[in-house]
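# Close look at the chain arrangement
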Amino acid sequence: MYPSKTTEKKLLDTLEICRQTYNDLLGISIETYQHTGKGLSNFGMNNCINYMGGVDKTDVHSQVLQNVSDRLGKAFQNFFRRIKEKKVKAGFPRFKKDIRSFTYPQSGYKLDNHKLRLSKIGEINLRIGRKQNRINGNIKTLTIKKMPSGKWFSMFSCEMKKRGETHNFPQNSIGIDVGLEKFATLSNGAAIENPRFLVKSERRLKLLSRRFSKKKKGSKEMHDSRVKLARMHERISNQRHDFIHKTTKMIADNFGLISVENLNIKGMVKHPYLAKHINDASWGNFVQILGYKAESAGGQVVKVNPRGTSQTCSQCGNNVPKTLAMRWHMCPACGLHIGRDLNSAKEMLNRATAGTAERYADGDGSPPLREIFEGSLSKKSEAPQLVGE
Ligand SMILES: [Zn+2]
């Protein structure tokens, strides 16, 4: 969004009123809890908003303030849940020094071409996406957010029609291994490279943060440096987001059964390499997005235990020990000679189909997977059938 100076002042005022309202409500809620052992209901909180003194709340749309109490309500629910779970240090929700966003849960805004009209604030110019020029679906809520870089964004959450379930879905299967040098290796031999712009941006980020740490505290240079750093963070997160969405779409469109490593397994050995750490971070995000894309395309993602996938021969199951430095898999038992990551990806695919599939030397592995696959298809498109005795 590109607010004018006057409008930006109103946006900032709104954030500040939301912050004070949040903190006032939090104070009342804590007192209530200390006296009665119970929290305030949403109704109670909204009642409080009407009778609270302090800042002039007529400058803010009533639903925006209600959303503030909703947020606090959620924070308190988490608090009660922590008490229930008997966490030793279940502290109250915290008072906020800073609130960066506010939400119109239903109404109070109007989107007209490239102008957004906000109740109590005014009209703001905005640019929608880079390629698409409009918002798809039915807008449900609108959140206005100020980024650390100083930029303003409006975020629309929309309801979309679910895609039909009877379209052709991809029948191939694939295993994916997160790599050291590459972002990922696929079991069919293809590789997804770490995007070069991302590598470059990350190098720049390191430089900027080093410069930032050398600036004098409280100086103007420090402030400027902080904004630069925040912008770079934003840029990288946008680039990564873009990369992940494009890659996952490509995979979900082409493969029906997708096997990935489950990184949530407890006691997993942390990799000593930085590149792997960076990949690990976006890998969780990657798998999550891949999951819903695959599902809406009629496929599925299977998470498998990654332990030992690099040591096991994907062709014969023989154990072939190797150190991290050894980049090739050479099986003395069956003679398979392929890249280490490729072997892992293939083994990953084997594990997703364990018990039902034979080990296949090459090819995309689809023949042995057909059965599983059709199993998942019938679950999706037909009513469950009872198995007679
Ligand atoms: Zn082998």
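Residues numbered from 1 in each chain as written. Predicted model: local features only at pLDDT ≥ 70, side-chain atom pairs only at ≥ 80, totals over all residues. Heavy atoms only, no water.

## Quick notes on the packing of aromatic side chains
Quick reminder of the rule: We call Phe, Tyr and Trp rings a pair once their centres come within 6.5 Å, taking the six-membered ring for Trp, and we label the pair stacked below 30 degrees between planes, edge-to-face above 60, and tilted otherwise. In this description a helix means any DSSP run of H or I spanning at least four residues, a strand means any run of E spanning at least two, and both kinds are numbered starting from the N terminus. Remark: exposure states derive from per-residue accessible area (1.4 Å probe, protein chains only) relative to the maximum for the residue type, with buried under 20%, exposed over 50%, and partly exposed in between. Lysine and arginine charges are scored as sitting over a ring when NZ or CZ, respectively, is within 6 Å of the ring centre and within 35 degrees of the ring normal.
Taken as a whole and judged by the stated rule, the model has 11 aromatic pairs. Note on F76 and F79: the rings are 5.7 Å apart at their centroids and 85° apart in plane angle, and the pair reads as edge-to-face. Placement of both F76 and F79 in helix α3 (residues 62-84) is noted, with a separation of 3 residues, approximately one turn of the helix. In this structure F79 comes out as buried when scored by relative accessible area, which is 2%. Seen from their ring centres, F76 and F80 are 6.0 Å apart, and the 50° between their planes marks the pair as tilted. Remark: F80 and F76 occur in helix α3; sequence separation between them is 4 residues, near one turn of the helix. Stacked on the ring of Y22, the Lys or Arg K96 has its end atom at 5.3 Å from the ring centre.

## Focus: the sheet that holds strand β6 (residues 152-159)
Selection criterion: The pairing criterion is simple: DSSP has to find at least two bridges between the two strands. Only C-alpha atoms enter the line fits that serve as axes; for helices the fit covers just the stretch in contact. Angles between N-to-C directions range over 0 to 180 degrees.
Spatially, 3 strands are ordered β1-β5-β6 in an open sheet, and the strand pairing comes out antiparallel. The sheet is open, and its two edges are formed by β1 (101-104) and β6, each paired on a single side. Neighbour-to-neighbour, the strand axes of this sheet turn through a mean angle of 20°, independent of strand direction. Direction of pairing for β1 relative to strand β5 (residues 138-146): antiparallel, over a ladder of 4 bridges.

## Notes on the sheet that holds strand β3 (residues 115-118)
Strand order in this open sheet of 3 strands is β2-β3-β4, and the pairing throughout is antiparallel. The open sheet has two edge strands with one neighbour each: β2 (109-112) and β4 (122-125). Pairs of neighbouring strands in the sheet enclose a mean axial angle of 20°, with direction left out of account. Note that β2 and β3 share 4 bridges and pair antiparallel. In the strand pairing of β3, K110 is matched with R117.

## A few points about the side chain of S225
How we decide: Contacts were defined at the residue level, with two residues in contact if any of their heavy atoms lie within 4.5 Å.
Locating S225 in the fold gives a position in helix α5 (residues 220-254). With a relative accessible area of 9%, S225 lands in the buried category. When near neighbours in sequence (up to four residues on either side) are disregarded, S225 contacts L208, R211, F212 and K215.

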